[in-house]
Amino acid sequence: MKGIVFTEFLDLVEEKFGIEMVDDIISNSTLASEGVYTSIGTYSFSEMLQLVSHLSSKSNISIDDLLMIYGEHFFSVIERSYPGLLATYNDPIEMLSSIENHIHVEVRKIYPDAELPTFIVQEKKENSLIMIYKSNRAMHHFGLGLMNKTFQHFKSTAEIILEKIKEDGTEVRFIINKN
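Residues numbered from 1 in each chain as written. Predicted model: local features only at pLDDT ≥ 70, side-chain atom pairs only at ≥ 80, totals over all residues. Heavy atoms only, no water.

(A) Representation of unusual backbone geometry within the structure. Phi at E34 is positive, roughly 60 degrees, even though this residue is not glycine. The topology assignment puts E34 in the loop between α2 (19–27) and α3 (45–59). With phi around 60 degrees, N60 is a residue other than glycine that occupies positive phi space. Mapped onto the secondary structure, N60 falls in the loop between α3 and α4 (63–81). (Helix = DSSP H or I, 4+ residues; strand = E, 2+ residues; numbered from the N terminus.)

(B) Region of interest: the packing of helix α1 (residues 3–17) against α4. Close contact between α1 and α4 brings their axes to 10 Å; oriented N to C, the two are set at 110 degrees. With respect to their mutual orientation, α1 and α4 come out roughly perpendicular. The element α1 and its partner α4 pack so that their crossing is right-handed. Residues I4, V5, F6, E8, F9, L12, E15 and F17 of α1 form the contact with α4, whose participating residues are L66, I69, Y70, H73, F74, V77 and R80. (Axes fitted to C-alpha atoms, helices over the stretch in contact; angles between N-to-C directions. Parallel < 35°, antiparallel > 145°, perpendicular 65-115°, else oblique. Left-handed = near helix turned anticlockwise from the far one by under 90°. Contact = heavy atoms within 4.5 Å.)

(C) The arrangement of the nonpolar core in detail. F9, L51, F174 and I176 are the most contacted members of the largest nonpolar core, which has 52 residues in total. If we skip the residues at most four places from it in the chain, I176 touches I93, L96, N127, S128, L129, M131, M147, F151, A158, E159 and I160. (Core = buried A, V, L, I, M, F, W, Y, C linked by side-chain atoms within 4.5 Å. Buried < 20%, exposed > 50% of the residue type's maximum accessible area, 1.4 Å probe, protein only.)

(D) Structural detail: a negative patch on the surface. A contiguous patch of negative charge, built from D11, E14, E20 and D23, is present on the exposed surface. Elements supplying a minimum of two residues to the negative patch: α1 and α2. Looking at where D23 falls in the secondary structure, it is placed in helix α2. Note on D23: relative accessible area 47%, which makes it partly exposed. (Patch = residues over 30% accessible without salt bridge, like charges linked within 9 Å, V, L, I, M, F, W, Y side chains within 5 Å. Areas by Shrake-Rupley, 256 points an atom, 1.4 Å probe, with all protein chains shown as cover. Salt bridge = Lys/Arg side-chain N within 4 Å of Asp/Glu carboxyl O. Lys, Arg positive; Asp, Glu negative; His and termini not counted. Charge placed at Lys NZ, Arg CZ, Asp CG, Glu CD.)

(E) Looking closely at the sheet that holds strand β4 (residues 171–178). Strand order in the open sheet made by the four strands is β1-β2-β4-β3, with antiparallel pairing throughout. In this open sheet, the two edge strands, each paired with only one partner strand, are β1 (118–125) and β3 (158–164). Shown here is a sheet whose adjacent strand axes are inclined to one another by a mean of 15 degrees, direction ignored. When strand β2 (residues 128–134) meets β4, the two strands line up antiparallel, connected through seven bridges. Bridge pairing links Y133 to V172 in β4. Along the sheet, helix α8 (residues 140–153) makes contact with β1, β2, β3 and β4, crossing β3 at roughly 165 degrees. (Pairing = 2+ DSSP bridges.)

Shown next, in the form of structure tokens:
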């Protein structure tokens, strides 16, 4: 997993819960990196799992809710770092439907070894989209947070329904209806 995902997560934890919480979740985890991350490094997904799990138990916020909050936070990283990418789109449905064939292509140019989820568009209409998310990491709530912020970015709203196709969350259907 790319280091930027770790550095931004720890920034969010510090911002929302304080530096003591950052220290606490790192010290209570068994991390090969010892909790030292660089944005360009690559680290084991198990480290992220430990950090999120410890934050969940310390904050009494579910892992899914934490991942969604983190996804919303991470959208600001995209806005800051890649404004040209967002400027390519005029509509949230158009942007979300191009995750696999445009956005992930651009991400791979910057991070060639990034392990990204797969998004398959099942149905696309002017104001609705059905996509299948596939990832062995089951971080679909992170994706949900990014989607929420995508609609906010375009000054729009949507109802987003998440249906687990596989109970472990490695395959999920997003049903998106723009309001």
